[in-house]
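Structural features, examined
Each chain is listed here by its residues.
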Amino acid sequence: MSIAKVKGPLPGPKGKVLLEKWHKYEADAVGFQAPVVWDHAQGCVVTDVDGNTYLDWTCGVLVTNVGHCHPHLVAAAQKATTRLLNNYECANVERIEAAERLVKALPPHLDKCFFLSTGSEATEAAARLMKRKTGKFEILSFECGFHGRTLHGASMGGMAGPKRNYGPTVPGIIRAPFPNPYRDPNGWCKDGPDFKRYFEFLDGIIAANSTGSLGGAILEPYQGAGGFIFPPKGWLKKLEEWLRKRGMLYTLDEVQASYGRTGKMWALEHENLKPDIVTIGKAIGCGVPVSAVAATSDVFSCLSKGELSSTLGGNPVASAAVCAVLDIYEREPLVANSAKMGAYMLKRLKQMATKCKYLGDVRGMGLIIGLEFVKDKKTKTPAPELIKPLIVDCANHGLLIGSVGMFGNVVRVAPPLVITKAEADESLAIMEGALSRLKL
Ligand SMILES: Cc1ncc(COP(=O)(O)O)c(C=O)c1O
């Protein structure tokens, strides 16, 4: 018996009325989504207001790693709401416990954290920390990177979307290319293990662009919004060495990569990286708004009192969620399941690519897999026009997907980490069917 059931063409009758109301009253500024109004969700399964059920490969944009509405998380958040909702900048029991639990779950050199509410705030705080600690104002970041939609975040990011038409960005951002094995015109990705030509090129960028005030760098372990781009093995470690040689601090933006998404609790574990700062968001609260910046005590020591703060940061409900999520990671084999089911789904999707002339690349790590669509596999010309019909077709057959990428041509396969083999098989079959109907 199938898990996903969609009764008729979408949107359903109740969904249609609600979507019209939504667009009447809330600015229609979000990216394209399937015409579905979510009602409730559990694990990997979403139910809409018309009673249709879907398997979820969006995971609320990489948020609900423990599965939608995990009962332990829901109970912990509910309990916290009955005692105290917020106490700005003050201590509360949940906040103190969350700080201890998060620091103990982090790699040992990151011995302090600070709670905020969104990933953008966390990257903003990281930029401030790097500038404040080094006394330098330039930051190295990467083309196609994404660090949020605040001005600092958008400026550090290497995507046009968050900054085009908004005038000047924050000064002092120096941007370098991020090696992309699928689109590698210079052949840098094949140069491992030392990536000599890439780092010579990087030296040239710094020589040409820095005023001499380069103090920090920020990057994602794999580029998420940029199109699920995984750098070649060993490059991140070489970059770390390059940064260390220049005495620079660096931030690894794990807002979406952490909490088991890549098959390890922290993506930095894959190459034994030791960033000075790590930004954390999304799955830290698995749906409850919370984020954090983690760093060494030495880095945090540059701040005076009152320099880091956010109205809802460290509130008891968010903090209770941080603890409950960590409880779930201790009790359930989420990270192992991410590695195992991710490898299985990657293999199946690669097989599908051999039969679909538009599916140019399938790449992934754990349960973060990107499907890159092109007009032609030889020229690799992006085919963003295929994405909307694919999202709608998949939804009509019971699978929710979303898209990312500099060119908007990458579908993300990022289900909750609790996905079962049966759920994976059914969702893969829906994707296979949709791919067979895809036409330019
Ligand atoms: C790597 C990365 N950093 C920062 C952010 C911004 O997080 P938020 O949307 O919670 O502000 C995102 C969001 O997608 C992200 O993927």
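Residues numbered from 1 in each chain as written. Predicted model: local features only at pLDDT ≥ 70, side-chain atom pairs only at ≥ 80, totals over all residues.

Some remarks on the overall build of the protein chain
This is how it is decided: By the criteria applied, helices consist of DSSP H or I runs no shorter than four residues and strands consist of E runs no shorter than two, each listed in order from the N terminus. Radius of gyration means the value over C-alpha atoms here, while the globule rule gives 2.2 Å times the residue count to the 0.38 power. Each residue is classed by its C-beta neighbour count within 10 Å, where at least 20 other C-beta atoms makes it buried, 12 or fewer makes it exposed, and intermediate counts make it partly exposed; the C-beta atoms are placed from backbone geometry. Residue pairs qualify as contacts under a 7 Å threshold applied to their C-beta atoms, which are placed from the backbone.
Across its full length, the protein chain holds 13 helices and 15 strands. Whereas a compact globule of 440 residues would reach a radius of gyration of roughly 22 Å, the protein chain reaches 22 Å, a difference of no more than 12%. The proportion of buried residues among the 440 residues of the protein chain is 51%. Taking all contacts inside the protein chain whose residues are at least 6 apart in sequence as the whole, residues at least 24 apart take part in 75%.

Thoughts on the packing of helix α12 (residues 387-396) against helix α13 (residues 421-437)
Operational definition: Axis angles are defined between N-to-C directions and span 0 to 180 degrees, where every axis is a line fitted to C-alpha atoms and, for a helix, only to the segment in contact. Here roughly perpendicular refers to angles of 65 to 115 degrees, roughly parallel to angles under 35, roughly antiparallel to angles over 145, and oblique to all remaining angles. Handedness of each helix crossing follows the sense of rotation of the near helix against the far helix: counterclockwise by less than a right angle gives left-handed, clockwise gives right-handed. Three classes are used, and their members are as follows: Ala, Val, Leu, Ile, Met, Phe, Trp, Tyr, Cys and Pro are nonpolar, Asp, Glu, Lys and Arg are charged, and the others, Gly among them, are polar.
At a minimum axis separation of 9 Å, α12 and α13 run at an interaxial angle of 135 degrees. Looking at the two axes, α12 sits oblique to α13. Taken as a pair, α12 and α13 cross one another with a handedness that is right-handed. Judged by residue contacts, Leu390, Asp393 and Cys394 of α12 engage Ile430, Met431, Ala434 and Arg437 from α13. Residues belonging to the contact of α12 with α13 are distributed by class as follows: five nonpolar, no polar and two charged.

Thoughts on the domain arrangement of the protein chain
Rule in force here: Domain start and end points were adopted from an automatic or database domain assignment.
Per the domain assignment, the segments of the protein chain are domain 1 (13-66 + 333-437) and domain 2 (71-331). Between the C-alpha centres of domain 1 and domain 2 there is a distance of 25 Å. Breaking the side of domain 1 that touches domain 2 down by element, the ones donating at least two residues are α2 (59-62), α11 (334-355), β11 (359-365), β12 (368-373) and β15 (410-413). Counting residues per element, the side of domain 1 that touches domain 2 draws most heavily on α11, at five residues. Per-class residue counts for the side of domain 1 that touches domain 2 are 13 nonpolar, eight polar and five charged.

Looking at helix α1 (residues 13-25)
Counted only if it meets this: Under the convention used throughout, the expected extent of a helix is 1.5 Å for every residue step, that is, one less than its residue count.
The terminal C-alpha atoms of α1 lie 19 Å apart, and with 13 residues this matches the ideal 18 Å at 1.5 Å per residue to within 8%. Of all 13 residues in α1, zero are buried, a share of ten percent or less.

Some thoughts on the environment of Pro35
You can see Pro35 is positioned in the loop between α1 and β1 (38-42). Along the sequence, Pro35 and Ile391 sit 356 residues apart, while their C-alpha atoms lie 9.4 Å from each other. With residues near it in sequence (within four places) discarded, Pro35 still touches Leu10, Pro11, Gly15 and Leu19.

Some details on the environment of Leu346
Mapping Leu346 onto the fold places it in helix α11. On the basis of neighbour counts, which here come to 19 C-beta atoms within 10 Å, the residue Leu346 falls in the partly exposed class. With 16 residues separating them in the primary sequence, Leu346 and Glu330 have C-alpha atoms 26 Å apart. Ignoring anything within four residues of it in the chain, the contact list for Leu346 reads Val362, Gly364 and Ile369.

A look at the site of the ligand
Put simply, the test is: A molecule or strand has a residue near it when that residue's C-beta atom, placed from backbone coordinates, lies within 6 Å of it.
Taken together, 14 residues surround the ligand, and among them Thr118, Gly119, Ser120, Gly148 and Val255 come closest. Sort the elements by how many residues they give to the shell around the ligand and helix α5 (residues 119-134) lands first, with three residues. Grouping the amino acids of the shell around the ligand by side-chain chemistry returns three nonpolar, nine polar and two charged.

A look at the sheet that holds β11
As a reminder of what qualifies: Each pair of strands is called paired provided DSSP finds at least two bridges between the two strands.
Reading across the sheet, the four strands line up as β11-β12-β15-β14 and stay open at both edges, with antiparallel pairing between neighbours. Edge positions in the open sheet fall to β11 and β14 (402-404), since each of these has one partner strand only. On average, each strand axis in the sheet is tilted by 30 degrees relative to the strand beside it, whichever way the strands run. The pairing of β12 with β15 spans four bridges and is classified as antiparallel. Across the sheet, the residue bridging to Ile369 is Val413, located in β15.

Overview of the nonpolar core
Our working definition: Buried Ala, Val, Leu, Ile, Met, Phe, Trp, Tyr and Cys residues form a nonpolar core when they are connected through C-beta atoms within 7 Å.
Counting 124 residues, the largest nonpolar core has Ala292, Val293, Ala321 and Leu399 as its most contacted members. Looking at this core, the element that brings in the most residues is helix α10 (residues 316-331), giving eight residues. Residue contributions to this core reach at least three from each of two domains, namely domain 1 (13-66 + 333-437) and domain 2 (71-331). Setting aside chain neighbours within four positions, we find Leu399 in contact with Ala4, Tyr54, Leu55, Trp57, Cys394, Ser427, Ile430 and Met431. Judged by nonpolar contacts, the second largest core, of six residues, contains Trp188, Phe195, Trp235 and Leu239.

A closer look at the sheet that holds strand β10 (residues 291-295)
The sheet built from seven strands is open, its strands ordered β4-β10-β9-β8-β7-β5-β6 with mixed pairing. Across the chains shown, the open sheet's two edge strands, defined by having one partner strand only, are β4 (112-116) and β6 (173-176). In this sheet, neighbouring strand axes are inclined to one another by 20 degrees on average, regardless of whether the strands run parallel or antiparallel. By the bridge criterion, four bridges tie strand β7 (residues 214-219) to strand β8 (residues 249-253) in an arrangement that is parallel. Looking at the pairing, Gly216 lines up with Leu249 of β8.

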